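# Inside the fold
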Amino acid sequence: LTVSNLYAHHTETRYRTSNGHTRTEHVEVTDFLGQVFSLCLPINFSGHLRVVPTKKSFFFKREVKGAYPGPGKNEVQIETEDIQNNENYNIYCTDEFAARKFLKPKVLDWFDRQIAQNAMCVYLVEDRLYISLYTNRYIFPTPRKKQAVENLSLAAEYQKLCMEIDIIDELTNIFKGE
């Protein structure tokens, strides 16, 4: 298991008009702040599988893709028999048969339990599983001020990491014995 912090952002140009004058601002927009987990599974997946969360539109309460791209080259979107999963995740794959074999009821149930707790994406290719958790923080952050150094608790950071690893362990336990 490999764990890393990830911060992804982009810069947007915004224009503000005040008293007849237009001002240009460059604003840093956070796209992702959290952890990426990479682990080796005891299975070999044909092609790749991508699971991304969806959002509900505010006015119409309809599912929207959010910031994630739709099907890529050679990818198809699949629906599962799990209604809650279909409402909360989009699943894209290059091998539908392998994807359905991987997405057994225990795996779909695990996804459903994560919905309320985590903004999570999953990418599976061959025997590597990548899970990103949008936690809006770093694990073991580098203190930037004296007060932050004094408040730093390695035990508390370790506890946060253990809670996230428990989520990953829960998924890997599904595959043990196969």
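What comes next is a walk through the structure. Because the structure is predicted, anything quoted here is derived from the model rather than measured.

## Let's talk about a nonpolar patch on the surface
- A surface patch of nonpolar side chains, amounting to about 420 Å² of accessible area, comprises Phe-140, Leu-152, Leu-154 and Tyr-158.
- Overall, Leu-152 belongs to the partly exposed group, its relative accessible area being 38%.

## So, the side chain of Glu-157
- Relative to the helices and strands, Glu-157 is located in helix H5 (residues 154-175).
- On the accessibility criterion, Glu-157 (7% relative accessible area) is buried.
- Ignoring sequence-local partners within four residues, the contact set of Glu-157 consists of Tyr-138, Ile-139, Phe-140 and Pro-141.

## Focus on unusual backbone geometry
- A positive phi angle, near 55°, is found at Asn-19, a position not held by glycine.
- Locating Asn-19 in the fold gives a position in the loop between strand E1 (2-18) and strand E2 (21-53).
- In this structure, Glu-126 is a non-glycine residue whose phi angle is positive, near 55°.
- By secondary structure assignment, the location of Glu-126 is in strand E7 (residues 119-134).

## Description of the pattern of salt bridges
- Scanning the entire structure with this criterion turns up seven salt bridges.
- Between Glu-25 and Arg-16 there is a salt bridge whose closest N-O contact spans 2.8 Å.
- Judged by its relative accessible area of 41%, Arg-16 is partly exposed.
- Residues joined in a network through salt bridges with shared partners are Arg-16, Arg-23 and Glu-25.

## Some words on the side chain of Gln-35
- In this fold, Gln-35 is placed in strand E2.
- Its relative accessible area of 0% is what places Gln-35 among the buried residues.
- Not counting the four nearest positions on each side in its chain, Gln-35 is found in contact with Val-3, Ser-4, Asn-5, Ile-131, Ser-132, Leu-133, Thr-135, Arg-137, Tyr-138, Ile-139 and Glu-164.

## Considering the nonpolar core
- Ranked by internal contacts, the top residues of the largest apolar core, which has 28 residues, are Leu-49, Leu-103, Phe-111 and Ile-131.
- Broken down by secondary-structure element, the contributors of at least two residues to this core are E2, strand E6 (89-93), helix H2 (96-102), helix H3 (105-115), E7 and H5.
- In this structure Leu-49 touches Ile-91, Tyr-92, Cys-93, Ala-99, Phe-102, Leu-103, Val-122, Tyr-123 and Leu-124, once residues within four positions along its chain are discounted.

## Remarks on the packing of aromatic side chains
- Tallied over the entire structure, the rule returns five aromatic pairs.
- With a centroid separation of 5.5 Å and an interplanar angle of 90°, the aromatic rings of Phe-32 and Tyr-134 are classed as edge-to-face. Highlighted residues: Phe-32 in strand E2 and Tyr-134 in strand E7, separated in sequence by 102 residues.
- Classification of Phe-32 by relative accessible area gives buried; the value is 12%.
- A relative accessible area of 31% means that Tyr-134 is categorised as partly exposed.
- Seen in terms of ring centroids, Phe-45 and Phe-102 are 6.2 Å apart; in terms of plane orientation they differ by 80°. Their pairing is edge-to-face. Residue Phe-45 is located in strand E2, and its partner Phe-102 is located in helix H2; the two are separated by 57 residues in the primary sequence. As far as the burial class goes, Phe-45 and Phe-102 line up, both buried.
- Through a chain of ring-to-ring contacts, the aromatic side chains of Tyr-89, Trp-110 and Phe-111 assemble into a single cluster.

Definitions and cut-offs
- Residues numbered from 1 in each chain as written.
- Predicted model: local features only at pLDDT ≥ 70, side-chain atom pairs only at ≥ 80, totals over all residues.
- Heavy atoms only, no water.
- Patch = residues over 30% accessible without salt bridge, like charges linked within 9 Å, V, L, I, M, F, W, Y side chains within 5 Å.
- Areas by Shrake-Rupley, 256 points an atom, 1.4 Å probe, with all protein chains shown as cover.
- Salt bridge = Lys/Arg side-chain N within 4 Å of Asp/Glu carboxyl O.
- Buried < 20%, exposed > 50% of the residue type's maximum accessible area, 1.4 Å probe, protein only.
- Helix = DSSP H or I, 4+ residues; strand = E, 2+ residues; numbered from the N terminus.
- Contact = heavy atoms within 4.5 Å.
- Core = buried A, V, L, I, M, F, W, Y, C linked by side-chain atoms within 4.5 Å.
- Phe/Tyr/Trp six-rings, centres within 6.5 Å; stacked < 30°, edge-to-face > 60°.

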